[in-house]
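Chains, contacts and geometry: an overview
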Amino acid sequence: MKNRPLIAVIGGGLAGLSAAHRLRSLRPAREVVLLEASPRLGGPIHTERAQGFVIEHGPDGFVRSKPSAMQLIRRLGMADQVIETRSEFRKLYVLKRGVLQPVPAGLALVAPTDALSWLRSPIASPWGRIRALVEPWIATASRDDESIASFVRRRLGRELCELFAESILAGIHSGDPEALSIHSTFPQLVAFERDHGSVIRGAQHARAKTQSQAPVSAFLSLRDGMGSLIDALASALGDQRIRCNAPVESLTPLPDHRWQIQCSDGRSLQADGVLLALPPRAIPRLVEPFAPVAAARYASVPHQSSVVVLLGYHRAQLGRSPDASGFVVPPSEPCEVHASTWLSCKWPGRAPEDYVLLRAFLGGFRAPTDHLLGDDELTERAIRGMRRALGVRGRPTLVRVKRYLDASPQMTLGHADRMDEALDHLQPFVTLSVGAAGHRGVGIPDTIAQAEASATTLSESLDRLQ
């Protein structure tokens with residue numbers, strides 16, 4: 001292999017940029033080129049500024065408990081730009097019988113760790129509250145793999161499952177709680193049961209570690225929006241190493257572990273190593289000619305579409321002042337909006353003074369054809385949902401409709417085994433690495449962690465071949 005190998009990263013979302021950054025950090029002498037099919041970088045992460053609003057078209061932040069995001073932000077010199085959620089609005093509502101009811105204090109995902117607060121809450125029946133609290137004494141056997149709904153019902157009861165398994169846990173993935181794997185989506189809950197014999201005891205143990213510290217935000221973001229992370233990664237990589245509007249048409253293994261890459265614009269290049277920073281649905285057509293079993297495993301991952309509608313209102317238009325980070329809607333509640341984040345309450349600096357910025361979630365598993373509707377109909381549905389929850393009056397001053405088509409990989413039962421099998425069939429190709437959202441998790445920290453791990457694996461393989 002030549003002394004200055006070229007590595008091609010295919011995919012310019014957060015995964016591709018994170019992988020390229022790691023590759024450059026590990027071996028600065030190596031050339032890295034990033035190929036992105038669309039006109040811009042970042043995938044679903046995109047921040048817009050309009051009319052004084054800071055509008056997140058993708059994720060608005062990331063969880064603090066997973067360190068990979070903050071570690072990358074520090075390496076990029078952006079630690080001073082990190083913001084926490086607004087402390088006065090760190091609560092969540094559930095829409096129950098048309099009324100917003102506060103989620104009891106101490107709820108850790110679905111585990112009620114504050115017994116008194118949970119017992120006083122009207123969001124569940126007396127029996128439902130008691131059933132959840134006896135979870136530490138429920139001796140049920142864990143399974144090799146299990147759906148989110150099955151796990152929550154088994155541990156915490158049917159009623160809590162109906163309240164939160166779909167609206168909170170499966171809602172993050174826009175998926176069906178009866179189909180999504182708890183092991184792949186929320187392994188920390190499985191670990192609580194495994195290590196402590198109880199989800200509640202495990203959550204209490206995790207919380208006790210931080211009780212001696214000052215209260216901190218569970219979520220973090222960036223002052224200028226999450227799009228600034230994409231900008232910083234692109235700047236660190238350099239324009240000369242980035243090619244947008246460059247869809248890869250084919251990927252062909254060559255002798256000596258090298259690769260021929262053909263782009264749809266007619267350009268081609270040879271690379272010593274390739275990193276596929278793509279969601280599972282985008283991989284099969286590239287690897288099928290030389291790894292058909294791996295292609296089939298990636299093709300078996302279903303994907304879900306969803307819709308987000310952002311609405312900006314003058315505060316005087318709201319019948320109820322928003323005082324939380326948002327609300328979720330259980331499946332039994334008749335509402336066209338499945339959840340809402342009140343971005344201007346959750347984060348500082350997201351709306352002009354006296355205005356609010358609301359985000360409504362539609363589509364997904366509960367309404368799989370919503371993305372086919374026109375912008376006007378989706379906007380009206382979002383407005384009706386906000387009217388139901390907050391009593392909004394009149395028309396919003398700002399509207400944005402965003403469709404995420406086949407953007408949410410569904411990590412269904414057996415997902416981890418299928419991904420392991422796919423990687424097993426790619427092992428003979430030692431200079432090919434795979435890592436992006438939907439392989440081993442979703443969300444900003446998981447995406448970064450997967451991408452950086454794949455970059456490290458590829459770099460080590462190239463070291464051995466030199």
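Attention in this report is confined to the structure presented alongside it. (Residues numbered from 1 in each chain as written. Predicted model: local features only at pLDDT ≥ 70, side-chain atom pairs only at ≥ 80, totals over all residues. Heavy atoms only, no water.)

**Quick look at the nonpolar core**
In globular proteins that are soluble, nonpolar side chains generally tend to be buried together. How we decide: Among buried residues, those of type Ala, Val, Leu, Ile, Met, Phe, Trp, Tyr and Cys that are joined through side-chain atoms within 4.5 Å constitute a nonpolar core. A 1.4 Å probe rolled over the protein chains alone gives each residue an accessible area, and that area as a share of the maximum for its type sets the label: buried under 20%, exposed over 50%, partly exposed in between. By definition, any uninterrupted DSSP run of H or I lasting at least four residues is a helix, any uninterrupted run of E lasting at least two residues is a strand, and each is numbered from the N terminus. Contacts are residue-level and defined by heavy atoms, with any inter-residue pair within 4.5 Å sufficient.
Counting 38 residues, the largest nonpolar core has Val 9, Leu 14, Leu 34, Phe 62, Leu 229 and Ile 444 as its most contacted members. Elements with a contribution of two residues or more to this core: β1 (6-10), α1 (14-26), β2 (31-35), α2 (68-75), β11 (219-222), α10 (227-237) and α16 (444-465). Setting aside its immediate chain neighbours within four residues, Leu 34 contacts Val 9, Gly 11, Gly 12, Gly 16, Leu 17, Ala 20, Leu 41, Leu 237, Arg 241, Ile 242 and Arg 243. Ranked by size, the runner-up nonpolar core spans 34 residues in total, among them Ala 111, Phe 151, Ala 165 and Leu 180.

**Thoughts on the sheet that holds strand β22 (residues 432-434)**
Strand-to-strand pairing in sheets goes through backbone hydrogen bonds, with the strands running parallel or antiparallel. Keep this limit in mind: Strand pairing follows a simple DSSP-based rule, namely that at least 2 bridges must link the two strands. Lines fitted to C-alpha atoms define the axes, with helix axes restricted to the stretch in contact, and inter-axis angles between N-to-C directions lie between 0 and 180 degrees.
Read across the sheet, 5 strands follow the order β12-β2-β1-β16-β22 without closing on themselves; strand pairing throughout is parallel. Two strands in the sheet have a free side with no partner beyond their single neighbour: β12 (242-243) and β22. Strand direction decides the pairing type here: β2 and β12, joined by 2 bridges, are parallel. Each residue of the ladder has a partner; that of Leu 35, found in β12, is Arg 243. Sheet strands touched by α16: β1, β16 (273-276) and β22. Its angle to β16, the strand with the most contacts, is close to 165°.

**What about the side chain of Ser 454?**
Heads up, the condition is: N or O atoms within 3.5 Å of each other form a polar contact, as long as, within protein, one can give a hydrogen and the other can take it, and as long as residues adjacent in sequence are counted only when both atoms are side-chain atoms.
Within the secondary structure, Ser 454 is located in helix α16. Looking at Ser 454, its side chain comes within polar contact range of the main-chain oxygen of Val 434, at 2.6 Å. Among all residues touching Ser 454, those that are not within four sequence positions of it are Leu 275, Ser 433, Val 434 and Gly 435.

**Some points on the sheet that holds strand β15 (residues 268-271)**
Sheet architecture is open: 3 strands sit in the order β13-β14-β15, paired in antiparallel fashion. Two strands in the sheet have a free side with no partner beyond their single neighbour: β13 (248-253) and β15. Within this sheet the neighbouring strands show an average axis-to-axis angle of 20°, counted without direction. As judged from the 4 bridges shared by strand β14 (residues 259-263) and β15, these two strands associate in the antiparallel manner. Bridge pairing in β15 links Ile 261 to Leu 269.

**Here we look at unusual backbone geometry**
Within the chain, Leu 109 stands out as a residue other than glycine whose phi angle is a positive 60°. Here Leu 109 shows up in the loop between β9 (107-108) and β10 (111-112). Positioned with a positive phi, His 257 is a non-glycine residue whose angle comes to about 65°. Looking at the secondary structure, you find His 257 in the loop between β13 and β14.

The values are spatial; any link to function lies outside them.
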